[in-house]
Structures are given as C-alpha cells and as structure tokens.
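Residues per chain are reported as follows:
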Amino acid sequence: MFKEICSNHKAYKNLYNGTWIESSNNLIEIKSPIDGTILGRVQAMEKEDVNKAIKAAKESQIAWKNTPLNQRASILHKASELLKEKAEELSILLQFEIGKNKSSSLSEIKRTSDFIKFTADEGKHIKGETLGGENFPGFSKNKLSFVTRVPLGVVVCISPFNYPINLAASKIAPALVTGNSVVFKPATKGAISGLYLAQIFNKAGVPAGVLNTITGKSSEIGDFLVTHKDINFINFTGSTKTGEHIAKIAGMVPMLMELGGKDPAIVLKDADLKKAAEHIVKGAFNYSGQRCTAIKRVLVIDSIADKLIEKILPLAEKLSVGSPLEDAFITPLIDEKSSDFVESLIEDAVKKGATLLTKNKQSKNLITPVILDRVTSDMQIAWEEPFGPVLPIIRVKDIEEAIKISNASKYGLQASVFTKDINTAFYLSDKLDVGTVQINNEPERGPDHFPFTGVKASGMGTQGIKYSIDAMTRRKTIVFNLDEKTP
Ligand code: NAP
C-alpha cells in the first residue's frame, strides 16, 4: 500500500490527477510524538502546485458529476471495504504518527469504514421536489418548479491532526458521493495517514483528478488555498484560531467549520455519581484529552463535589500511562509545545489557588492525568482548551450558576448533564448554549448520522452524514411555465 505513495528515501508523494508525484525539492519531516523518530517526509508544496491541484479538480469534476450516482456510491463502498482490510496496517501508522493507542486507532478506522459505507447509501437517497405555483396567491398550477440537488464543484477538505482518518473521510466521502471533486489538505502532523487514506480512495476507483492531495506549510500555502478563485466550498476542522482566520479571508465561499470546545460535565445532586465519574474520566482522558469533545471542565454542585471526586480520583489514577504501542490509555501529546502549554495552564491554576488532587508528572510530551479542584474563573484553565490530560473541577452553588458559567465560555460544542430527573435535564438542555446536550453520557460526536453542530466559537454549520451531504449540494430550480389552455 505504501509503495506508490512513498519513494525509497521515504519521501511521500501527493496524489495529483490520478498519479503520485513529487512536487518540489523541499520536504517536511514528520516526527513521531512517541520518541521523535523521523517517520518520513512529505512534500512542501508551493502555490503553483496548489494551483495545479485545484485546476485538476475543477476539470475532472465535470465528468464526475455526470457519473451516475450509483456508480459513485459503488466506488465509496469499495473504499470502505479496502479501509477495513487495511485496518491493522493503518492502525500501526496512526500509533506512530499521532500517538493514538492501538484500540482507539482501530476503532477510528472501523468507524470511518462504516461512515463511508453509510454515506454511500445515504447519498443514493438524495432527491429533489416539485412545487406547484398554485400554492401562492395569484399563481396557477401551470407554473411548476422542478428542484434538483446539484454538487457545488471543488470542495477543499482540511483536517486536524487528532483524527487524520475519520475527520478527513467525513469530509471527502460526502463531497464525492454528491459529485464534487476534492482537494484534500491533511494536517502536517498526521499527513502520512491522510495520504494513506487518499490512496484507499484512489485504489477504490475515484477517477483521476477527482481527489487531489496537498501537503505543505500552511503558513505558505494555506491562505492561497482557501482564497483560490476556483474553489466552491471549504470543509474545515481545526482550532478556532485557524477557523476564524479562514472565515475572515475566504470571502463568499460557503463553508462548514468544526472548531474548538470547552465541553462541561454538569453534575447535579441527584446524579448517579458512580456512573457520572466513569463517563467523566473516560470523556476527559481518552486520547489524552486531545479531542474536541473531551470533557474540559466539571461543574459540580458544591454539596456533592467531595463525593464525586472520591469516585473520580481512583479511576483517573488507574489509567495506564505510556506508549501507544503498548495500548496505554494516556500517551504522549502530539508535541512538546502542546505539553508545555498544558503545564503552563496547570501552573497558573495552582498559583492562583487551585488544589492539585493528583501527581503532576511531565516527561517531555507525556503528562500523567491531572485533576484540579476548586478552579475559579480567574484561572486560564477555566476557559482555555488545554488539549491534554487535565481536568478542572469548578464547584457551583446551584443549577443557575452552572448554566451561567457554562454559557460564559466562548465555545459551544457539547455539554453533558448528569441527573436522574428528566425535567431538570430538559430545563438545562434548553438553557445551554451548545450544539448538543448529552444526558448521562460523555460528549461524543457519533453516531455519525446524528447532527454535529458547534455554536459560537465552536463552529459554523452542521456535520453528520445527511447534513454534510446537504451542505455540499445546492438546490437547482427549473421553472416550467405551461400554457393556460390545453391543446
Ligand atoms: P489547527 O492547527 O488549527 O490545524 C487544522 C488544519 O488547518 C491543519 O490541516 C492545518 O495545517 C490547517 N491550517 C492551518 N493554517 C491554515 C491556513 N491559513 N489555511 C488553511 N489551512 C490551514 O488545528 P489542530 O491542532 O490540527 O487540531 C486541533 C484543534 O482542532 C482543536 O482546537 C480541536 O478542538 C479542533 N477540533 C475540532 C473538532 C470538531 O469537530 N469541532 C474535531 C477535531 C478537532 P498544518 O497542520 O499544515 O498547519
């Protein structure tokens, strides 16, 4: 599988117009977060290379949109199968490249294979509608609107480092099934995995030019890519900082944005504390907290806070810490800049009076799970997204204070509410300014046919299979104006 995309000196190539090419002499080293080993090099593409990729995508889209939908769906079915077959090999790459443990890597790949298959099936149900003029005053049924759904054109897919397979395929598959062509730019950290995924789509039969990959320094080609005159849609997942920048410069191009989060777990007096603690620990520390939907703060009613902490602590202390290759739960963060940032948030909180309930051991980019109690609103950790294994606990006096603090965040991705009272759950859900409220569960993106929406600084638009398909097509209307008289 690696042969075509990688030449002997481990320089990975880019998919351009159906072939794997080296675009320049400049290469970017991809290092493993486990120990800094160089895993390979990817092409540092330049603006002219990006231009060519977009041109190939634009030209090939004309034939692709005219390829029957069921044939496009069959290609995706094939890609889904191939991905499943290659799960073991690809999971090893994920472990080395982004430090995700084996079980989570395999589960990301399996979920993505299912996602592609479901998307192919859902895509076959795209339908239009007809509308009669007579419904509106002053018009008759001789005016008839025939509405179909058509692709947008060239879709730019930009994915983050933390789910290089899932968050790439969740953009590429809906774009392809609806007849768009794709220019795919994986995050540099995770780029080899992204190229591997592109190879799967290529092997499954996506025609030349319909899927092209771009690797390179986003500081040099990023703005050029998202402001190119021949792109028709941007589907982006990444940090709020990058997302806001793209939204500002891209102009009148429709886009979907999945950005950062600061998901709270709100624990009420009547909650099943054992169950809440289990969900909180899993939700906060899975993939070392490097997830947009990780629990990034606990808002607990003060009178039950000690009891909740009693249940959380032993679970957190039991989490294995080490190498993803040994399937440790807590693994090295993506780089040392990230772990230093997490440490700076912990230091700031402790300096301002937070209680450190766990050990705080850092060895380069590997950090043991940290729980901070009595976090207050003057501490950075109360508001920042750490993207690491640290859980701040904020004690609140009542439900209203929990709502207030939850909504004071600039983010609004998901929130968890732990309570046995359905009425309270509904009351809170109504008041929380987020895309999704989970009752008695940790925040999570799936199942992938559910809508996934970020509000405020957490995003724009709704993902989820049918919603992504909807976003990447537009309505085209033909109006028939029939003669009043029958012949
Ligand atoms: P990031 O640094 O913002 O990068 C995301 C992607 O944007 C990368 O492919 C990056 O390329 C690219 N990029 C950077 N500048 C660009 C520009 N000017 N034009 C075009 N592309 C540009 O984010 P990350 O560190 O990879 O991911 C972590 C963040 O993603 C967290 O904030 C997390 O919450 C968020 N996230 C959100 C969701 C969600 O569903 N809401 C899911 C997962 C992650 P390079 O790598 O080459 O710089």
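Residues numbered from 1 in each chain as written. Predicted model: local features only at pLDDT ≥ 70, side-chain atom pairs only at ≥ 80, totals over all residues. Heavy atoms only, no water.

A.B. asks: Report on the overall build of the protein, specifying residues and quantitative values.
C.D. replies: For the protein, the helix and strand inventory stands at 15 helices and 27 strands. Radius of gyration (C-alpha) of the protein: 24 Å, near the 23 Å computed for a compact globule of 487 residues. A principal-axis box enclosing the C-alpha atoms of the protein has dimensions of 80 × 65 × 40 Å. The buried share of the protein, taken over its 487 residues, is 56%. Counting only contacts in the protein whose residues sit at least 6 apart along the sequence, the fraction spanning at least 24 positions is 71%. A total accessible area of about 21,000 Å² is found for the protein, and carbon and sulfur atoms account for 53% of it. (Helix = DSSP H or I, 4+ residues; strand = E, 2+ residues; numbered from the N terminus. Rg over C-alpha atoms; globule rule 2.2 N^0.38 Å. Buried < 20%, exposed > 50% of the residue type's maximum accessible area, 1.4 Å probe, protein only. Contact = heavy atoms within 4.5 Å. Areas by Shrake-Rupley, 256 points an atom, 1.4 Å probe, with all protein chains shown as cover.)

A.B. asks: Lay out the site of the ligand with the relevant residues and their values.
C.D. replies: Near the ligand you find 31 residues, and of these Thr188, Ser239, Thr242, Leu259 and Glu385 are the closest. One nitrogen or oxygen atom from the main chain of Phe161 is found 3.1 Å from an oxygen atom belonging to the ligand. One nitrogen or oxygen atom from the main chain of Gly238 is found 3.2 Å from an oxygen atom belonging to the ligand. Only α8 (218–226), β11 (233–237) and α9 (240–249) provide two or more residues apiece to the shell around the ligand. With 4 residues, the top contributor of residues to the shell around the ligand is α8. Residues of the shell around the ligand, tallied by class, amount to 14 nonpolar, 12 polar and 5 charged. (Near = heavy atom within 4 Å. Polar contact = N/O pair within 3.5 Å; in protein donor to acceptor, adjacent residues only side chain to side chain. Nonpolar A, V, L, I, M, F, W, Y, C, P; charged D, E, K, R; others polar.)

A.B. asks: So what's going on with the sheet that holds strand β9 (residues 181–185)? Which residues, and what values?
C.D. replies: The mixed open sheet is built from 6 strands, whose spatial order is β10-β9-β8-β11-β12-β25. In this open sheet, the two edge strands, each paired with only one partner strand, are β10 (211–213) and β25 (459–460). Where strand β12 (residues 255–258) and β25 come together, 2 bridges link them in antiparallel fashion. Among the inter-strand pairings, Met257 is bridged to a residue of β25, identified as Met460. Together, β8 (154–158), β9 and β10 form the strand contacts of helix α2 (residues 47–66), whose direction differs from that of β9 by roughly 150°. (Pairing = 2+ DSSP bridges. Axes fitted to C-alpha atoms, helices over the stretch in contact; angles between N-to-C directions.)

A.B. asks: Could you give an account of helix α3 (residues 69–85), with specific residues and numbers?
C.D. replies: Helix length check: α3 (17 residues) gives 25 Å between terminal C-alpha atoms against 24 Å at 1.5 Å per residue, within 8%. Regarding α3, the residues found buried are Arg72, Ala73, Ile75, Leu76, Ala79, Ser80, Leu82 and Leu83. Contacts from the buried residues of α3 go to α2, α4 (87–98), α5 (102–123), α6 (166–177) and α7 (191–204). (Expected span 1.5 Å × (residues − 1).)

A.B. asks: Help me get a handle on the pattern of salt bridges, residues and values and all.
C.D. replies: Two side chains that carry opposite charge are able to pair once their charged atoms sit near each other. Per the stated rule, a full pass over the model turns up 20 salt bridges. We note a salt bridge from Lys110 to Asp114, for which the minimum N-O separation is 3.0 Å. With Lys110 and Asp114 both in helix α5, this residue pair falls 4 residues apart, about one helical turn. Owing to a relative accessible area of 34%, Asp114 belongs among the partly exposed residues under this scheme. Close ionic contact of Lys431 with Asp430 constitutes a salt bridge, the shortest N to O distance being 3.9 Å. On the basis of relative accessibility, which here comes to 61%, the residue Asp430 falls in the exposed class. Here the residues in one salt-bridge network are Asp302, Asp306, Asp373 and Arg395, joined through shared partners. (Salt bridge = Lys/Arg side-chain N within 4 Å of Asp/Glu carboxyl O.)

A.B. asks: Give a detailed account of a nonpolar patch on the surface, specifying residues and quantitative values.
C.D. replies: On the surface, Leu144, Phe146, Ile478, Phe480 and Leu482 cluster together to form a nonpolar patch covering roughly 410 Å² of accessible area. Broken down by secondary-structure element, the contributors of at least two residues to the nonpolar patch are β7 (143–151) and β27 (473–481). Examined against the element boundaries, Leu144 turns out to sit in strand β7. Judged by relative accessible area, Leu144 falls into the partly exposed class, the value being 30%. (Patch = residues over 30% accessible without salt bridge, like charges linked within 9 Å, V, L, I, M, F, W, Y side chains within 5 Å.)

A.B. asks: For the sheet that holds β27, give the residues involved together with the corresponding values.
C.D. replies: Strands sit in the order β6-β7-β27 across an open sheet of 3 strands; the sheet is antiparallel. Strand pairing shows two members of the sheet lacking a second neighbour, β6 (129–132) and β27, which therefore form its edges. In this sheet, neighbouring strand axes are inclined to one another by 25° on average, regardless of whether the strands run parallel or antiparallel. Both β7 and β27 contribute to a ladder of 9 bridges, which runs antiparallel. From the neighbouring strand, Lys143 faces β27, where its bridge partner is Asn481.

A.B. asks: Describe the domain arrangement of the protein, naming the residues involved and giving the relevant values.
C.D. replies: Domain annotation for the protein reports domain 1 (3–259 + 460–475) and domain 2 (263–457). Every contact between the two is made by 33 residues of domain 1 and, on the other side, 30 residues of domain 2. Summed over both partners, the interface of domain 1 with domain 2 comes to about 2,500 Å²; 54% of that surface belongs to carbon and sulfur atoms. Between Arg111 and Asp448 there is a salt bridge; the shortest N-O distance is 2.9 Å. (Domains from an automatic or database assignment. Buried area = accessible area lost by both parts, 1.4 Å probe.)

A.B. asks: Can you lay out the nonpolar core for me, pointing to particular residues and giving the numbers?
C.D. replies: Ranked by size, the top nonpolar core spans 59 residues in total, and within it Ile172, Leu176, Phe201 and Leu211 carry the most contacts. In terms of domain composition, this core takes at least three residues from each of domain 1 (3–259 + 460–475) and domain 2 (263–457). Setting aside anything within four residues of it in sequence, one finds Leu176 in contact with Trp64, Arg72, Leu76, Val182, Phe201, Val206 and Val210. By size, the runner-up hydrophobic cluster in this structure holds 54 residues, among which are Ile266, Ile295, Leu333 and Ala349. (Core = buried A, V, L, I, M, F, W, Y, C linked by side-chain atoms within 4.5 Å.)

A.B. asks: Summarise unusual backbone geometry; cite the residues concerned and give the values.
C.D. replies: Leaving glycine aside, a negative phi is the common case for residues, and trans is the common case for peptide bonds. Across the junction of Gly446 and Pro447, the peptide omega takes the value -10°, indicating a cis bond. For Phe387, which is not a glycine, the phi torsion comes out positive at approximately 55°. Take Phe387: its relative accessible area is 19%, and that puts it in the buried class.

A.B. asks: Account for the packing of aromatic side chains, with residues named and values stated.
C.D. replies: Summed over all chains, the structure comprises 3 aromatic pairs. With a centroid separation of 6.3 Å and 70° between ring planes, the pair formed by Phe146 and Phe480 is classed as edge-to-face. One end of the pair, Phe146, is in strand β7; the other, Phe480, is in strand β27, with 334 residues separating them in the sequence. Directly above the ring of Tyr163 sits Lys100, whose terminal nitrogen or CZ lies 3.6 Å from the centroid. Looking at Lys100, its charged tip hangs above the ring of Tyr287, at a distance of 4.7 Å from the centre. (Phe/Tyr/Trp six-rings, centres within 6.5 Å; stacked < 30°, edge-to-face > 60°. Lys NZ or Arg CZ within 6 Å of the ring centre and 35° of its normal.)

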